[in-house]
Amino acid sequence: MESASTYFSGFNINDLLYLGEAALRTLWISFWAISIGSFIGIFLGLALSISRVIAYTLGAVLDVFRSVPLIIQLVLFFNFAPIIGLRLNPFEAGLIVLIVYTSAYVANVARGGIEAVGDPMRRAARSLGMTYWQDLRYVVWPIGLRAVFPAWVGVALGVLKDSALVSILGYIELLKASQILMTRTQEAILILSIAGAFYFALSYPISYYATRLEQRWSE
Amino acid sequence: MIKITNLHKQYGELEVLKGIDLDVPKGEVLSVIGSSGSGKSTLLYCINGLEPIQKGQIIVDDIDVHASDTNLNSVRQNMGMVFQQWNSFPHLTVLENVALAPKIVSKLSKKEALEVAEKQLLHVGLGDKLTQYPSALSGGQQQRLAIARALAMEPKCMLFDEATSALDPELVGEVLDTIRLLADEGMTMICVTHEMGFAREVSDRVAFFHEGKIEEINQPEELFGSAKSKYLQKFLSKVKT
Amino acid sequence: MDYNFHWRPVFKSLPDLLESALLTLEVAILSMILGILFGLALSLIRIKMTGPLKWFAVSWIELARNTPALLQLFFFGFGLGAFGIHFSPFLIVLLGLTFNNSGYLAENFRGGFNSIPETQIRASLSLGMNSFQTYTRIIIPQVLRVVYHPMTNQMVWAVLMSSLGMLVGFRELSGETQFFASKTYRIFEYFAATAIIYYVIVKIILGLSRLMASRLFKY
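Quick summary incoming for the structure in this document.

The rules we used
Residues numbered from 1 in each chain as written. Chains lettered and ligands numbered in written order. Predicted model: local features only at pLDDT ≥ 70, side-chain atom pairs only at ≥ 80, totals over all residues. Contact = placed C-beta atoms within 7 Å. Core = buried A, V, L, I, M, F, W, Y, C linked by C-beta atoms within 7 Å. Buried ≥ 20, exposed ≤ 12 C-beta atoms within 10 Å, placed from the backbone. Helix = DSSP H or I, 4+ residues; strand = E, 2+ residues; numbered from the N terminus. Nonpolar A, V, L, I, M, F, W, Y, C, P; charged D, E, K, R; others polar. Pairing = 2+ DSSP bridges. Right-handed = clockwise from strand over helix to strand, strands pointing away. Axes fitted to C-alpha atoms, helices over the stretch in contact; angles between N-to-C directions.

Right, let's get into the arrangement of the chains. With 2 pairs of chains in contact, the largest contact count belongs to chains A and C. Regarding chain A and chain B, the two do not touch, and the least distance separating their C-alpha atoms is 22 Å.

Below is the structure:
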């Protein structure tokens, strides 16, 4: 017993608290990235659906964020900010990149939702005397949301998992904390399992629920 | 040719076929009619070995279809089957659709398989569609393609499972014409059908299915003219006029 | 803005960067080939089987989809060290990406298999084909078309994910970039160049995929 406890003493209750705190940071940065990124993304999606010219130009710009690895975007922006005189800490820099990254994906999803509603239905709404914004609020939003909600959940969960990459800037979220503890305690399997379980416990039920919802709606 | 004795078939608790005895000699055209859920289509699936049976025996061309040592794939080569959904293979051209089974099942050379396929497609009147994909064909043409595909295996008998009921009314005729052509050529056939006029005109005998049993079986004039079973009378009064 | 951009060192090491980009492609392509094989097997097990094998397949699929790719890489990099298993950086990335690809592709394949009507199987069986012929000649060619687009996306993901190699000491494009960047301190310039290379790679993949699709799917 004695020897066993000293063998495992590498990882103790304080380390668990440390991981918990880091997990909260993962949630914190993901929450803001997903909320703000989705908000911006919806408007970008709207812009994409308005005209062909915008779809091509803005679309091409947003495409860049989906064609370059997030980790490169993070390093690039973190090192670019000081050049233009911005003093950002890792959280701020990471959050900004994640917001842009999220909005690029959400824009595509939102555009899909708007297209799913279709022009005839929107024309019908306008013919009833609805204004542009009323049409968006009462027709496009409820119908389009249904069409793309599962896809949006996929993007959000992707951002939750990708937020692990902000660790490269030194922001101590869950995976960075795990890495630090692994180096100290040499308990890689245990620590990775705890971190993995956290992500899984958050991601799996939500994606399961979204799939169910999709099936129910498609019936 | 096809001999069925005391056939029972269940899906779980539900008994679909409750003791079928049927003998179809070579060259006969047998039509099977009855309301939906009476087990007509299930009978065809059992004959083709697509569904397992619980009791009884099905002998096709001296082979016991459901015996454990029977090679189902070789049994099926002797039986062509055409389904309600035409089931053309969408990723193959019309010609390839028909040539595939002769090539990989009957092991014909590519050239022979293509010749057989072309012959059968001409047979059903699709000679001008060889290089097209099924998506370019109408439902009736796709169903004729399915018939050609089955014929290319040179089967000894053909099973038709409501071959026209998924078709638009104006396309039914061309498919029935093709089946009629086969009947004239002496093909042994069992046709599950809703087309009473067709059953009457083409069949040597007609079997009326009711709740998993053959309620009445007779020559068409007798069966349609002087039905004995009250279920059949009721059924006929509903489908006619 | 008093930062002086120095692009000369980047141009000088461009051949090295491009060579490492080949390594990126190599690991991405290998992980896709393996991912397709494993993914196909996993999806068929998930659809057809019950018992421990199904449980294994479902765990693989869901773990791959619901935890960060970086964590999966760490697992192959550090986690297995506990059992005395140490992989080269190349293998860590290859195994991590393969694990991840297999999970996502398995779900794509499952969707593909479910989209082929049962009647296609009946039709080919009724022609005397055995189940192997039915799968290889009828079902899988049709499934491939359904999953072609998701598979292309997964290939893009594999390229993007391979950038995580720089965190486990693999000198693919990102790792090589980091190496030069830390040697010369021209971090921004190097990562900007690398971002462009990734962008071009992704565009080439998408272009080739479209070209191949027009050849493959004539129907």
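Still to come is the rest of the account.
What follows covers the nonpolar core. Grouped burial of nonpolar side chains is what soluble globular proteins tend to show. Of all hydrophobic cores here, the largest spans 111 residues; its most connected members are A:Leu74, A:Leu98, A:Leu174, A:Ala195, C:Leu70, C:Leu71 and C:Leu73. Tallying contributions element by element places helix α5 (residues 90-117) of chain A first for this core, with 14 residues. Residues within four places of C:Leu70 in sequence aside, it is in contact with A:Ala164, A:Leu165, A:Leu175, C:Leu164 and C:Leu167. With 77 residues, the next largest nonpolar core counts B:Val60, B:Val124, B:Ala183 and B:Ala207 among its residues.

On to the interface of chain C and chain B. In this complex, chain C contributes 18 residues to the contact, which on the side of chain B involves 21 residues. If you list the elements that add at least two residues to the side of chain C that touches chain B, you get α6 (118-126) and α7 (131-161) of chain C. Here the residues of the side of chain C that touches chain B are counted per class, giving 7 nonpolar, 7 polar and 4 charged.

It is worth spelling out the interface of chain A and chain C at this point. Opposite the 29 residues of chain A that make contact, chain C presents 30 residues. Element by element, the count of residues in the side of chain A that touches chain C is highest for helix α9 (residues 188-218) of chain A, at 10 residues. In terms of residue class, the side of chain A that touches chain C is built from 22 nonpolar, 6 polar and 1 charged.

Residues and elements named next belong to chain B. Along strand β8 (residues 188-192), 5 of the 5 residues are buried, which leaves the element largely enclosed by surrounding structure. On β8, burial covers both faces: Thr188, Ile190 and Val192 on one face and Met189 and Cys191 on the other are all buried. Here strand β3 (residues 29-33) runs beside β8; their pairing, made up of 4 bridges, is parallel. The partner of Val29 across the bridge, within β8, is Met189. In the sheet, strand β7 (residues 157-161) pairs with β8 via 5 bridges, with the strands oriented parallel. When the sheet's bridge partners are listed, Phe160 is paired in β8 with Cys191. Between the parallel elements β7 and β8, the chain passes through helix α6 (residues 169-184) in a crossover that is right-handed.

The strands making up a sheet associate through hydrogen bonds between their backbones, and the pairing can be parallel or antiparallel. Residue and element names in this part refer to chain B. Strand order across the open sheet formed by 6 strands is β6-β7-β8-β3-β9-β10, with mixed pairing between neighbours. A strand with exactly one partner marks an edge of an open sheet, and here the two such strands are β6 (79-82) and β10 (213-218). Ignoring strand direction, the axes of neighbouring strands in this sheet form an average angle of 15 degrees. Those strands touched by helix α5 (residues 139-151) are β6 and β7, and its axis lies near 170 degrees from that of β6.

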